[in-house]
Amino acid sequence: MRWPRLAAGRLRATTDPAAVGISDHLVVVVGTPVDEHLNPDLGAVPRALERCAEHLRDGQLIVLRSTVYPGVTALTEKLLAGKGLRADVAFCPERIAEGRAMTELFTLPQIVAARTPEALARAEKLFRHLTDQIVPLEPEEAELAKLFTNTWRYIKFATANQFWMMANDFGLDFARIRHAVAYDYPRAADLPMPGFAAGPCLFKDTMQLAAFNRNNFVLGHSAMLINEGLPLYLVSRLEDRFDLATSTVGILGMAFKGGSDDPRESLAYKLRKILALKTRETLCTDPYVADDRFVDLDEVLRRADLLVIAAPHEQYARLDTDKPVIDMWGLTGQGVRV
């Protein structure tokens, strides 16, 4: 496929910081992680701007697109004012799901926030090139809106995982119960299936929100304990059913979500670490994630005594094997009891 904007010379990629000086609109998209103590990094966005500060000029629109700790937009405004720059600043959080960018960019409403009517109007005009659905907010409202969005998803996944563990501990199939709960019943239609809730956003943004509320966030911290503890629970159940010390276990899928090649913060790696202490051997495979330590699926199916689906890649829905398959996602349609 040939992109028309590339062919027309309207889209260029560069690592030259001077390029920001020729732009009327500057969109800042950088990672905003939490540190090893789960504290937000408030300086990620300011550092990105500092690296090109000498090329910034008056009259530009600077759009912050990263998920940020509340107050980072104001911190950015202060940084630019301190350098004597008269630039408009807007916070317009990116809301797409990984793997759906080229669809959701044009179908989801865009949250647009700025301090002044002029900056808001400029940002709205820019994002109307993507969609006619604009939701205007104050910057601090928008910062919380994005954190609330990701945290809400993380809590929902934790709820499903806790429900699954409850049902599982009583020998019941959560997939059947969930089907009954959600079937033609809109108020429960958003109850997810269980699975590893991971990746570079949901966990860290829940921790950012907790830090914002002075670490007084029982729901968020409980969700973290449930979701991050899921690999330990899973292994404990496997120990009850199998002699892991004499078994080779195959982990199917190391990405943090199905159909993705992104392994960032994937709980499959925590599962591997735990199983490495318990099993005779642990084998890992993934059709999308490149890693010299992984082996082909056929080899895993041949050598493993037990298989665990850690990422719900569609390739695993119809496995040709007589080995026990642990499928908490419900991918194979054979139930989710472990």
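Up top is the structure.
Residues numbered from 1 in each chain as written. Predicted model: local features only at pLDDT ≥ 70, side-chain atom pairs only at ≥ 80, totals over all residues. Heavy atoms only, no water.

(A) Molecular detail of the pairing of strand β1 (residues 25–28). Side-chain alternation along β1 places Leu-26 and Val-28 on a buried face and His-25 and Val-27 on a face that remains uncovered. Relative to strand β2 (residues 61–64), β1 runs parallel, the two being bridged by four bridges. Across the sheet, the residue bridging to Val-28 is Leu-64, located in β2. Read as a crossover between parallel neighbours, the route from β1 over helix α2 (residues 44–50) to β2 is right-handed. (Buried < 20%, exposed > 50% of the residue type's maximum accessible area, 1.4 Å probe, protein only. Helix = DSSP H or I, 4+ residues; strand = E, 2+ residues; numbered from the N terminus. Pairing = 2+ DSSP bridges. Right-handed = clockwise from strand over helix to strand, strands pointing away.)

(B) Molecular detail of the sheet that holds strand β9 (residues 325–326). The strand order across the open sheet formed by four strands is β7-β6-β8-β9, and the pairing between neighbours is parallel. Whereas interior strands pair on both sides, the edge strands pair on one side only; in this sheet they are β7 (281–285) and β9. With two bridges connecting them, strand β8 (residues 306–309) and β9 associate as parallel partners. What sits directly across from Val-308, in β9, is Ile-326. Contacts between helix α11 (residues 267–278) and the sheet are confined to β6 (248–252), β7 and β8, with β6 contributing the most and set at about 175° to the helix. (Contact = heavy atoms within 4.5 Å. Axes fitted to C-alpha atoms, helices over the stretch in contact; angles between N-to-C directions.)

(C) Region of interest: the pairing of strand β4 (residues 110–114). The buried fraction of β4 amounts to five of the five residues, a majority that puts the element mostly inside the structure. Sheet topology places strand β3 (residues 88–91) next to β4; two bridges connect them, and they run antiparallel. By the bridge assignment for β4, Ala-90 is matched with Ala-114. Sheet analysis places β4 next to strand β5 (residues 134–137), joined by four bridges and oriented parallel. Among the inter-strand pairings, Ile-111 is bridged to a residue of β5, identified as Val-135. The handedness of the β4 to β5 crossover, carried by helix α5 (residues 117–127), is right-handed.

(D) The arrangement of the environment of Leu-219 in detail. Mapped onto the fold, Leu-219 is located in helix α9 (residues 218–228). Since its relative accessible area comes to 57%, Leu-219 is described here as exposed. Residues Leu-219 and Lys-146 lie 73 residues apart in sequence; the distance between their C-alpha atoms is 17 Å.

(E) Structural view of the packing of helix α10 (residues 230–241) against α11. Put simply, α10 and α11 touch, their axes get as near as 9 Å, and they point 35° apart. When the axes of α10 and α11 are compared, the crossing they make is right-handed. Between α10, through Pro-231, Leu-232, Leu-234, Val-235, Leu-238 and Glu-239, and α11, the contact on the second element is made entirely by Leu-267, Lys-270, Leu-271, Ile-274, Leu-275 and Lys-278. In terms of residue class, the contact of α10 with α11 is built from nine nonpolar, no polar and three charged. (Left-handed = near helix turned anticlockwise from the far one by under 90°. Nonpolar A, V, L, I, M, F, W, Y, C, P; charged D, E, K, R; others polar.)

(F) Inspection of the packing of aromatic side chains at higher detail. Applying the stated criterion across every chain, the model contains four aromatic pairs. Centroid distance Tyr-69 to Phe-212: 6.1 Å. Interplanar angle 75°. Geometry classified as edge-to-face. A residue pair is termed long-range when its members are at least 10 positions apart, and Tyr-69 in the loop between β2 and α3 (72–82) and Phe-212 in helix α8 (residues 202–212) qualify at 143 residues. Judged by relative accessible area, Phe-212 falls into the partly exposed class, the value being 34%. (Phe/Tyr/Trp six-rings, centres within 6.5 Å; stacked < 30°, edge-to-face > 60°.)

(G) Geometry of helix α6 (residues 139–169). In this model, α6 (31 residues) spans 45 Å end to end at C-alpha, consistent with the 45 Å of a helix rising 1.5 Å per residue. Two residues or fewer after α6 comes Gly-171, characterised by a positive phi angle close to 75°. (Expected span 1.5 Å × (residues − 1).)

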